[in-house]
Amino acid sequence: MRTFFVLLQKEFLQIRRNPFLPKLIIIFPILIILVMPLVTTMDVRNLNIAAVDLDRSSASQRILSHLDASEYLSLIYTTSEYNLALQKLEEGAIDVIVQIPKHFERDMTIAAPEKISIIANAVNATKASIGTQYIVQTIAKTFMELRGEKNAAQMSELVTIQNRFNPTLNYKHFMIPALMVILFILLCGFLPALSIVSEKECGTIEQINVTPTSRTLFTLSKLIPYWIIGLLVLVITMPLAHLFYGLASAGSIWLIFLSTFIFILGISGFGITAANFSNTMQQVVFVVFFFIMIFILMGGLLTPIDSMPDWAQKITLFLPPRYYINILRSVYLKGTTFVELWHDFAALAGFAVVFNILAAITYKKQA
Amino acid sequence: MKNNFIPFVKKESLHLLRDTRTLLIVIFIPVVLIVLFGFAISTEVNNVNVAVVAPKHTEEINNVVNRLAANEYFTFKGYISQTEIDETLRSGKVNAVVVFDSDFDRLVAQISAGVPSPPAIQLILDAADANTAMAATAYLQGVLLGTASLQEMFETRMLFNAQMKSAYNFVPGILGLIIILVCAIMTSVSIVREKEAGTMEVLLVSPVRPVKIMFAKMIPYFVISCIILGVILVLSRYLLDVPMVSGVGGIIAISLIYIALSLALGLLISTFSKTQIAALLFAGMVMIVPILMLSGIMFPIENLPKFFQWISNVIPTRWYIEAIRKLMIQGVPFIAVWKEFAILTGMGIVFMGISLNSFNDKLE
């Protein structure tokens, strides 16, 4: 047991003495949690419109002013030449062109008037489709008003909307737990992997190999510092999120700690496994980088898993962050309980066991 | 002068080729990632799970529910009772619950007659994911209010991406992200490794000039990166069906500049780092987050707060992605991306300059 503590002490000393690591461990999480939520917004808010008004009537004026008044849209350019507007769109100055046909006002009441054209820059498909929806709704409303249909306004009273768990639709609150996940993946996955391979490259691992220390004990001594660092990061980031973004957990804090701990166990075991298969630090960084990209981009952090094709959704079942993200978000925002999440916990624990066993058996004491 | 440059390139190439494992990993990673992400990731919300609470099953209600179930955006998860709403949402089984009033038929009749009355339908959304909630609201309202009939009034054209594929927006982003990170990780160890191994001293006393050392270190990696680029472009074109309207010449030209810049960035990191660990952590870990978040891969730049829009100007990936989107998808002529091209070239020169400068310092 004494050897174990000495090993552990050595690890902590190595981390502390490294000129770069301690700074990284402190500054990186704070920066990410404070700064990144400001950036993560997928709202389609500032959609720039150019109008090609061929009618120049009071009806078309009304439509344009309603478009401009909408909080998501801004009318920045009006012309009667479609080509001028198209040029603006190609330059990227505007996102959508709305063209109102000639005699629009005159033909408004007949059954099949000439259509209003909406031409969107669809390079970003999401933005184009949501933006078009906004425009259609705004114009449709104006149109009903113009035709004197009174029930237009009342029709919208048919439905009330209740946004549970996040009434202000604050996307930051959705992203903060996700950013924490990125932190744990980076800090607790990357760092232990690098630390083992660096011993390999320096040759100091041979010295450990010739000692009677068992490989489990050695692996553990590598892992434990990062478990502590991970939990420390959680302790730092949770109050920060509360203080700066008013995000407090709706559910049990113990559940957050439990899931984080299991996740850190798993991801650090994953890092060590990757390290055992690599000879150089660069190699291990590439391998870990590869999986981290998959974890971040396919784990449901930034895009909904439900929108992926079926085969891709099946792949995500093998990604531990998927379960952890779900737990963290559910507990944080919805106050979901352990009973409702037990299969996510079970999956997470399963991964932790598998990765750590892999980490212990793939570490060979031979050179 | 050529005499000591060529052997040097040869030495660096040998270093690279001898490590077959790393070499294979380096080529394998970008290829797999681009294919995986190109097919799998969609930023659109195209599946909303919906449950329905209907105290009575009148014909009117059944019609609405059938309309919902038939809509491609929704997956109908069945009927639940009033008391199960909270639990169903909390456990994440559905994203939205549509609650019909027990007096639905009468209320609808009243509302369409213009008599003020309480709402007949309540939408309860899991707004934890604000994005999905907003999209779900828009889709549901369209179906429930039947404003769909007004759609006929409009003729909508989606320029450049008529099938509305997410991949069109995403492939350029992933391309920019992967190239810069893989290239920077490759070169980030090249100088600091020599420092750690002590072979740096040998280099410093040799008559080879620093500029040559730098270029010799970049050339083999540049060749590897070009191979990777070629494979990725072929896959994007023929497997992911990304159009590349304006021809492949401009895309390659700007990609080569971007690769050189990324390699130079790695060298810069390498000259400033004292240990390989620090260099690798910086290139492989610290850089991921700002590049992913601030270069418009996921989150459109124009949505960022002003301050971050300003910061994003110094991230090369932002300019590369903008240029590639224009060239690949909008099909503008190469002239239209001259600004991005100039900025990337300038950044590359600056990175090279600084790393040469700090390398020179070591000589003294």
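See the structure above.
Residues numbered from 1 in each chain as written. Chains lettered and ligands numbered in written order. Predicted model: local features only at pLDDT ≥ 70, side-chain atom pairs only at ≥ 80, totals over all residues. Heavy atoms only, no water.

## Here we look at the overall build of chain A
Looking only at helices and strands, chain A features 15 helices and five strands. At 28 Å, chain A has a C-alpha radius of gyration far larger than the 21 Å of a compact globule built from 367 residues. Seen through its principal axes, chain A has C-alpha atoms that stretch 95 × 45 × 40 Å. Buried positions account for 57% of the 367 residues belonging to chain A. When contacts within chain A are restricted to residue pairs at least 6 apart in sequence, those whose partners lie at least 24 apart make up 78%. (Helix = DSSP H or I, 4+ residues; strand = E, 2+ residues; numbered from the N terminus. Rg over C-alpha atoms; globule rule 2.2 N^0.38 Å. Buried < 20%, exposed > 50% of the residue type's maximum accessible area, 1.4 Å probe, protein only. Contact = heavy atoms within 4.5 Å.)

## With respect to the overall build of chain B
A tally of helices and strands in chain B yields 16 helices and five strands. In summary, chain B has a C-alpha radius of gyration of 28 Å against a globular reference of 21 Å for 364 residues, an excess of more than 25%. Once the C-alpha set of chain B is aligned to its principal axes, its extents read approximately 95 × 45 × 40 Å. When burial is assessed residue by residue, chain B has 58% of its 364 residues classed as buried. Within chain B, residue pairs in contact and separated by at least 24 positions form 77% of the contacts whose partners lie at least 6 positions apart. Just so you have it, chain B exposes about 14,700 Å², and 64% of that area is on carbon and sulfur atoms. Mean positive and mean negative side-chain charge positions of chain B (26 and 25 charges, respectively) differ by 15 Å. (Areas by Shrake-Rupley, 256 points an atom, 1.4 Å probe, with all protein chains shown as cover. Lys, Arg positive; Asp, Glu negative; His and termini not counted. Charge placed at Lys NZ, Arg CZ, Asp CG, Glu CD.)

## Let's talk about the interface of chain A and chain B
Each side of the interface is counted separately: chain A has 104 residues, and chain B has 103 residues. Each partner contributes to the roughly 9,800 Å² buried at the junction of chain A and chain B, and carbon and sulfur atoms together form 69% of this total. One salt bridge connects Glu340(A) with Arg90(B), and the closest N-O pair in it is separated by 3.1 Å. The interface formed by chain A and chain B holds eleven residue pairs in polar contact (both at pLDDT 80 or more) in total. Here the side of chain A that touches chain B takes 14 residues from helix α12 (residues 281-298) of chain A, the largest share from any one element. Across the side of chain A that touches chain B, the residue classes tally to 63 nonpolar, 30 polar and eleven charged. (Buried area = accessible area lost by both parts, 1.4 Å probe. Salt bridge = Lys/Arg side-chain N within 4 Å of Asp/Glu carboxyl O. Polar contact = N/O pair within 3.5 Å; in protein donor to acceptor, adjacent residues only side chain to side chain. Nonpolar A, V, L, I, M, F, W, Y, C, P; charged D, E, K, R; others polar.)

## Some details on unusual backbone geometry
One non-glycine residue with positive phi stands out, namely His103(A), at about 60 degrees. Within the fold, His103(A) resides in the loop between β3 (96-100) and α5 (104-107). The phi dihedral of Asp241(B) is positive, around 60 degrees, even though this residue is not glycine. Locating Asp241(B) in the fold gives a position in the loop between α10 (210-238) and α11 (248-272).

## Things to note about the pairing of strand β4 (residues 116-121) of chain A
All names here are of chain A. β4 sits mainly inside the fold: six of its six residues count as buried. Taking every second residue as pointing to the same face, both faces of β4 are buried, with Ile 116, Ile 118 and Ala 120 on one and Ser 117, Ile 119 and Asn 121 on the other. Direction of pairing for β3 relative to β4: antiparallel, over a ladder of four bridges. When the sheet's bridge partners are listed, Ile 97 is paired in β4 with Ile 119. (Pairing = 2+ DSSP bridges.)

## Points about helix α4 (residues 82-91) of chain A
Residues and elements named next belong to chain A. Ala 85, Leu 86 and Leu 89 are the residues of α4 that are buried. Buried residues of α4, viewed axially, fall in a sector of 100 degrees; they line one side. Projecting away from the buried face of α4 at angles above 90 degrees are the exposed residues Asn 83 and Glu 91. Phi turns positive, to about 90 degrees, at Gly 92, one or two residues after α4. (Arc of directions from axis to C-beta.)

## Topic: the environment of Phe100(B)
Residues and elements named next belong to chain B. By the element assignment, Phe 100 lies in strand β3 (residues 96-100). A residue is classified by how much of its surface remains accessible, and Phe 100, at 2% relative accessible area, is buried. Residues Phe 100 and Leu 17, 83 residues apart in the sequence, show an inter-C-alpha distance of 68 Å. In contact with Phe 100, other than residues within four places in its own chain, are Val 52, Val 53, Ala 54, Pro 55, Ile 61, Val 64, Val 65, Ala 120 and Ile 121.

## What to know about the packing of α12(A) against helix α2 (residues 20-40) of chain B
Packing of α12(A) against α2(B) leaves a shortest axis separation of 10 Å and a crossing angle of 5 degrees. Judged by the inter-axis angle, α12(A) sits roughly parallel to α2(B). When α12(A) is examined against α2(B), the residues Gln282(A), Gln283(A), Phe286(A), Val287(A), Phe289(A), Phe290(A), Met293(A), Ile294(A), Leu297(A) and Met298(A) are found in contact with a partner set consisting of Arg21(B), Thr22(B), Ile25(B), Val26(B), Phe28(B), Ile29(B), Val32(B), Leu33(B), Leu36(B), Phe37(B) and Ala40(B). Residues that form the contact of α12(A) with α2(B) fall into these classes: 17 nonpolar, three polar and one charged. (Axes fitted to C-alpha atoms, helices over the stretch in contact; angles between N-to-C directions. Parallel < 35°, antiparallel > 145°, perpendicular 65-115°, else oblique.)

## Some remarks on helix α11 (residues 253-276) of chain A
Residues and elements named next belong to chain A. If you check α11, its first and last C-alpha atoms are 34 Å apart, about what 24 residues at 1.5 Å a residue would give, namely 34 Å. Judged by how many residues are buried, α11 sits mostly within the fold: 19 of 24 residues are covered. You can read the cap of α11 off the contacts: a side-chain oxygen lies 3.1 Å from the backbone nitrogen of Trp 254, and it is on Ser 252. (Expected span 1.5 Å × (residues − 1).)

## Looking at the packing of helix α8 (residues 190-197) of chain B against α11(B)
Helix packing for two helices is described by the angle between their axes and how far apart those axes are. Residue and element names in this part refer to chain B. Contact geometry for α8 and α11: axes closest at 6 Å, N-to-C directions at 25 degrees. Judged by the angle between their axes, α8 and α11 are roughly parallel. Across the interface between the two elements, Ser 190, Ile 191, Val 192 and Lys 195 from α8 touch Leu 267, Ser 270 and Thr 271 from α11. Of the residues in the contact of α8 with α11, the class split is three nonpolar, three polar and one charged.

No statement about biological role is implied by the geometric values presented.
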